[in-house]
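# Commentary on secondary and tertiary structure
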Protein chains: 2
Amino acid sequence: MNARPKVVETIEPQLKLGCASCAAHDLTLCRAVSEMAWSLPRGESVEIQNSNQIVPARRIVFRDHDLHDAVPVICAGWAASIVLLSDGSRQILSFLLPGDIVSTALLFDSRAHCLVEAITEVRYRTFNRAALKANLYKHPDLLEKFSRAWIEEKARADQLIVDLGRRTAEERIARLILSLQDRLVRRGLVHADTEEMDFPLRQHHIADATGLTPVHVSKVLSEFRRGGVIKISERSLTVLDPVRFRRVANMR
Amino acid sequence: MNARPKVVETIEPQLKLGCASCAAHDLTLCRAVSEMAWSLPRGESVEIQNSNQIVPARRIVFRDHDLHDAVPVICAGWAASIVLLSDGSRQILSFLLPGDIVSTALLFDSRAHCLVEAITEVRYRTFNRAALKANLYKHPDLLEKFSRAWIEEKARADQLIVDLGRRTAEERIARLILSLQDRLVRRGLVHADTEEMDFPLRQHHIADATGLTPVHVSKVLSEFRRGGVIKISERSLTVLDPVRFRRVANMR
DNA sequence: CGGTGTCTTGAATACCATCAAGTCTTGTGG
DNA sequence: CCACAAGACTTGATGGTATTCAAGACACCG
C-alpha cells in the first residue's frame with residue numbers, strides 16, 4: 001500500500017468500496033442497473049457474474065471483429081477505440097473514460113467493428129446483452145440512460161468529423177483537450193481548485209485522435225506551453241488560461 | 001404533366017403508387033411501420049397525417065437546433081446533414097438517400113444538432129416519435145430495423161472519421177463515391193447493366209463531405225477521368241474500372 | 001442580357017508530413 | 001546496481017499535399 005505505482009492507487013479504493021463509489025456511477029448504466037436489480041427475481045441478474053476484469057496499460061482489451069454476448073462498461077482507467085489501417089497508421093475514434101459504455105452499438109450488434117486498447121490500467125464490468133435488452137422498456141430509467149449515452153456517443157463522433165474535416169492542427173488538439181476536460185469535470189475527476197486533471201495520453205495518442213503526426217503534435221503542444229496557456233507534467237494537465245485556450249480552440 | 005422539370009418526373013409515380021413502390025421501402029422503417037399499422041386500433045396511427053412533405057432542391061429541410069416531435073424519413077431525393085462553422089465553412093456529416101432516417105437520435109432527442117439541406121428535390125414522411133417509441137418493443141421487426149439503421153449510421157460516421165483523419169484526397173473522394181454507389185445498389189438505384197447511377201452532387205458537396213476545397217476536388221476528379229476510371233456527365237456517374245478504382249480507394 | 005452558380009486551370013503559398021539526429025526517461029536482464 | 005534497449009519527446013531541415021488566390025469558360029435562369 002506504500003510504494004505502489006500511481007495507477008493502481010487510484011483504482012484500489014473503488015475495488016474495495018464497490019461500484020457505488022465510482023466517480024461515474026450516476027452517469028451511465030451502472031446506477032440504473034443497480035436500481036433495477038432490486039426488482040428482479042432472485043437469480044436473475046443483468047450483470048454477468050465475476051465480470052470485473054482488469055487489463056494492464058497498453059494492452060488490447062477487445063480485438064477487432066471480436067464477438068460479444070455482453071455490453072462492457074469502463075469502471076476505471078482510460079481506453080481508446082481504434083481503427084487500424086493497412087499501412088500501419090491508426091485512427092482513434094474515441095477515448096473511453098470511467099462510466100463509458102465501450103460502444104452503445106453492442107447492445108444490438110455482437111460484432112465490434114474496431115479494437116479497444118487500454119491507455120492506463122483499465123477495469124471494466126460486463127452486462128448481459130439479452131438481459132439488458134429485455135429490461136430496457138420495463139425500466140424507463142435504464143432506457144433513458146441508454147439513449148443519452150447513445151446520443152452523446154454520436155454527437156462526439158460528429159464533432160470529431162467536423163474537427164478532422166475543417167479545423168487546423170492547433171484547433172483539433174485544443175478541442176480534444178477541452179472535450180476531455182469537460183468529460184472529466186462531469187465525473188468529478190478534475191481538481192476543483194487547481195483545475196488540474198490526470199492526463200495519461202501519450203503524444204502519439206493525441207496524434208492518432210487528431211489525424212496528425214506525433215512530431216507535429218509535439219510542436220503544437222510546445223507552442224501552447226511556451227504561450228503559457230497549458231501546463232503538462234507528470235501525466236497531468238492544467239489549462240492555465242481557459243479564455244485564451246478556448247479562443248485557440250474556436251469554442252464559444 | 002408534359003413539360004415538368006426532371007426531378008418531379010422521378011418522384012411523381014411514387015406519389016401515385018404510394019410508399020410500397022419506393023425503392024427503399026423494405027430497407028428501413030417504412031415497411032415495418034406499414035405492417036405494424038395493421039395491428040393498431042382504429043385512429044391510432046404512427047405516421048403523422050399529411051406528413052408527406054416536398055422540399056425543392058438546395059433548400060433547407062430542417063434548421064440547426066430545430067425541435068422535432070417527429071422522426072423524418074427520406075422517401076425520394078438526396079439530402080445532406082451539415083454542420084456550419086463560424087468562418088463560413090461547412091462539413092457534411094452524411095448524405096441522406098431514399099429510405100434513410102434523417103437521424104436515428106431523433107427517436108429519443110427532439111433537438112437536431114445539425115441542419116439538413118436538400119440536394120435534389122426531396123420528399124419525406126414523418127412518424128410520431130411517441131407512437132414509434134411506444135411500439136418499438138411490441139413489434140420486434142420495428143426494433144430490429146431501427147437498431148440496424150442506428151448501427152449503420154454510426155458505422156458510416158466512424159468510417160468518415162478514419163477517412164478524414166488518415167487518408168489522402170484521392171482516397172477520400174474515391175471512397176465517398178464507392179460508398180454512395182454501394183448504398184444505391186442496395187436500393188436498386190444503380191442501372192444493372194451499365195452500372196450507371198444518378199449523381200446529383202456538386203463538387204462543393206464532395207468538398208464539404210471530404211474536408212477538401214472545391215478547387216482540389218475538381219483537380220482530383222479530372223485526374224480520375226483522364227485516367228479512365230470514372231465517367232461523370234449529366235448528373236450521373238459510372239465507375240468504368242472498378243478494380244482500379246477500388247485500389248485507388250484502398251478498399252479490399 | 002446580366003447575374004449567378006459551376007467547373008477548370010495555373011501560380012504562389014501554407015500547413016503539415018517526412019526524415020533525421022539527439023535528449024531524456026523507463027524498463028529490463030545481467 | 002548498472003548497462004543497455006526501447007519508448008517518448010524535441011528540434012531543425014526539407015518536401016509534398018492541399019489551400020488560397022485569381023482569371024476565365026460555360027450553362028442556366030429570370
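Owing to the predicted nature of the structure, the values given are computational and were not obtained by experimental measurement.

## What to know about the relation of the copies chain B and chain A
When chain B is fitted onto chain A, the two copies agree to an RMSD of 0.0 Å after a turn of 180° and an axial shift of 0.0 Å. Here the copies are linked by what is in effect a two-fold axis. When the interface residues of chain B are mapped onto chain A, 100% of them again fall at the interface, so both copies present the same face.

## Describing the side chain of T238 of chain A
Following the sequence through the fold, T238 of chain A ends up in strand β10 (residues 236-239). Setting aside chain neighbours within four positions, we find T238 of chain A in contact with T194, E195, E196, V229, I230 and K231 of chain A.

## What to know about the protein's contact with DNA strand D
In the vicinity of DNA strand D lie 17 residues, with Q203, S218 and R225 of chain A together with A169 and T213 of chain B positioned nearest. When atoms of DNA strand D within 4 Å of the protein are split into backbone and base, the sugar-phosphate part holds 76%. Contact between DNA strand D and R225 of chain A: a phosphate oxygen at 2.6 Å from a side-chain N or O atom of the residue. In the model, a phosphate oxygen of DNA strand D is placed 2.8 Å from a nitrogen or oxygen of the T213 of chain B side chain. Counting residues per element, the ones that place at least two in the surface near DNA strand D are α6 (203-210) and α7 (214-226) of chain A together with α7 (214-226) of chain B. Broken down by element, the residue count for the surface near DNA strand D peaks at five residues, all from α7 of chain A. Here the surface near DNA strand D is composed, by residue class, of four nonpolar, eight polar and five charged.

## As for the pairing of strand β10 (residues 236-239) of chain B
All names here are of chain B. Taking every second residue as pointing to the same face, both faces of β10 are buried, with S236 and T238 on one and L237 and V239 on the other. As defined by bridge partners, strand β8 (residues 196-198) adjoins β10 across three bridges and the pair is classed as antiparallel. Among the inter-strand pairings, M197 is bridged to a residue of β10, identified as L237. Sheet analysis places strand β9 (residues 230-233) next to β10, joined by four bridges and oriented antiparallel. Counterpart to K231 in the pairing with β10 is T238. Where β9 folds back onto β10 in an antiparallel hairpin, the turn is made up of two residues, including E234, whose phi is positive at roughly 55°.

## Observations concerning helix α4 (residues 140-166) of chain A
Spanning 27 residues, α4 of chain A covers 39 Å between terminal C-alpha atoms, matching the ideal 39 Å at 1.5 Å per step. The element α4 of chain A is largely enclosed, with a buried count of 19 among its 27 residues.

## Digging into the nonpolar core
In terms of nonpolar packing, the biggest core is built from 44 residues, with L29, L132 and L142 of chain A together with L29, L132 and L142 of chain B touching the most fellow members. Listed by contribution, the elements that provide at least two residues to this core are α2 (29-37), β3 (70-76), α3 (129-136) and α4 of chain A together with α2 (29-37), β3 (70-76), α3 (129-136) and α4 (140-166) of chain B. For L142 of chain A, the contacting residues outside a window of four places in its chain are L29, A32, V33, M36, L132, N135 and L136 of chain A.

## With respect to the layout of surface pockets
Empty space within the second largest pocket amounts to approximately 1,200 Å³. A155, R156, Q159, R175 and M251 of chain A are the residues nearest the centre of the second largest pocket, which is lined by 39 residues in total. Mapped by element, the contributors of at least two residues to the lining of the second largest pocket are β5 (90-96), α4, α5 (169-186) and α6 of chain A together with β4 (79-84) of chain B.

## Considerations on empty space enclosed by the protein
All told, the structure shown has one cavity of 30 Å³ or more when counted by the stated rule. Here the largest cavity is characterised by a volume of approximately 110 Å³. In terms of lining residues, the largest cavity is bounded by 14 residues, among which F108, L136 and L143 of chain A together with F108 and W150 of chain B are the most central. Those elements that provide at least two residues to the lining of the largest cavity are α4 of chain A together with α4 of chain B.

## Here we look at the protein's contact with DNA strand C
If you check the shell around DNA strand C, you find 18 residues, and the closest are A169 and T213 of chain A together with Q203, S218 and R225 of chain B. Considering the 4 Å shell around the protein, atoms of DNA strand C inside it are sugar or phosphate in 79% of instances. At 3.4 Å, a side-chain N or O of R235 of chain B approaches a phosphate oxygen of DNA strand C. Of all the secondary-structure elements, those providing two or more residues to the surface near DNA strand C are α7 of chain A together with α6 (203-210) and α7 of chain B.

## Some thoughts on unusual backbone geometry
Phi at E195 of chain A takes a positive value of approximately 60°, unusual for a residue other than glycine. Its location among the elements puts E195 of chain A in the loop between α5 and β8 (196-198). Look at E195 of chain A and you get partly exposed, because its relative accessible area is 34%. One non-glycine residue with positive phi stands out, namely R58 of chain B, at about 70°. Inspection of the secondary structure assignment puts R58 of chain B in the loop between β1 (53-55) and β2 (60-62).

## Regarding the pattern of salt bridges
Following the criterion strictly, the structure yields 30 salt bridges over all chains and no others. Between R187 of chain A and D100 of chain A there is a salt bridge; the shortest N-O distance is 3.3 Å. Placement of the pair is R187 of chain A in the loop between α5 and β8 and D100 of chain A in the loop between β5 and β6 (115-118), with a sequence separation of 87 residues. You can call D100 of chain A buried: its relative accessible area is 8%. A salt bridge links R244 of chain A to D241 of chain A; its shortest N-O distance comes to 3.0 Å. Classification of R244 of chain A by relative accessible area gives partly exposed; the value is 32%. The network of salt bridges with common partners includes R90, E117 and D208 of chain A together with R166 of chain B.

Analysis parameters
- Residues numbered from 1 in each chain as written.
- Chains lettered and ligands numbered in written order.
- Predicted model: local features only at pLDDT ≥ 70, side-chain atom pairs only at ≥ 80, totals over all residues.
- Heavy atoms only, no water.
- Least-squares fit on C-alpha atoms with pLDDT ≥ 70 in both.
- Contact = heavy atoms within 4.5 Å.
- Helix = DSSP H or I, 4+ residues; strand = E, 2+ residues; numbered from the N terminus.
- Near = heavy atom within 4 Å.
- Polar contact = N/O pair within 3.5 Å; in protein donor to acceptor, adjacent residues only side chain to side chain.
- Nonpolar A, V, L, I, M, F, W, Y, C, P; charged D, E, K, R; others polar.
- Buried < 20%, exposed > 50% of the residue type's maximum accessible area, 1.4 Å probe, protein only.
- Pairing = 2+ DSSP bridges.
- Expected span 1.5 Å × (residues − 1).
- Core = buried A, V, L, I, M, F, W, Y, C linked by side-chain atoms within 4.5 Å.
- 1 Å grid on protein atoms, 1.4 Å probe; cavity = no way out; pocket = protein on both sides within 12 Å on 5 of 7 lines; lining within 4 Å.
- Points joined across faces, edges and corners; volume = space filled by probe spheres on them.
- Salt bridge = Lys/Arg side-chain N within 4 Å of Asp/Glu carboxyl O.

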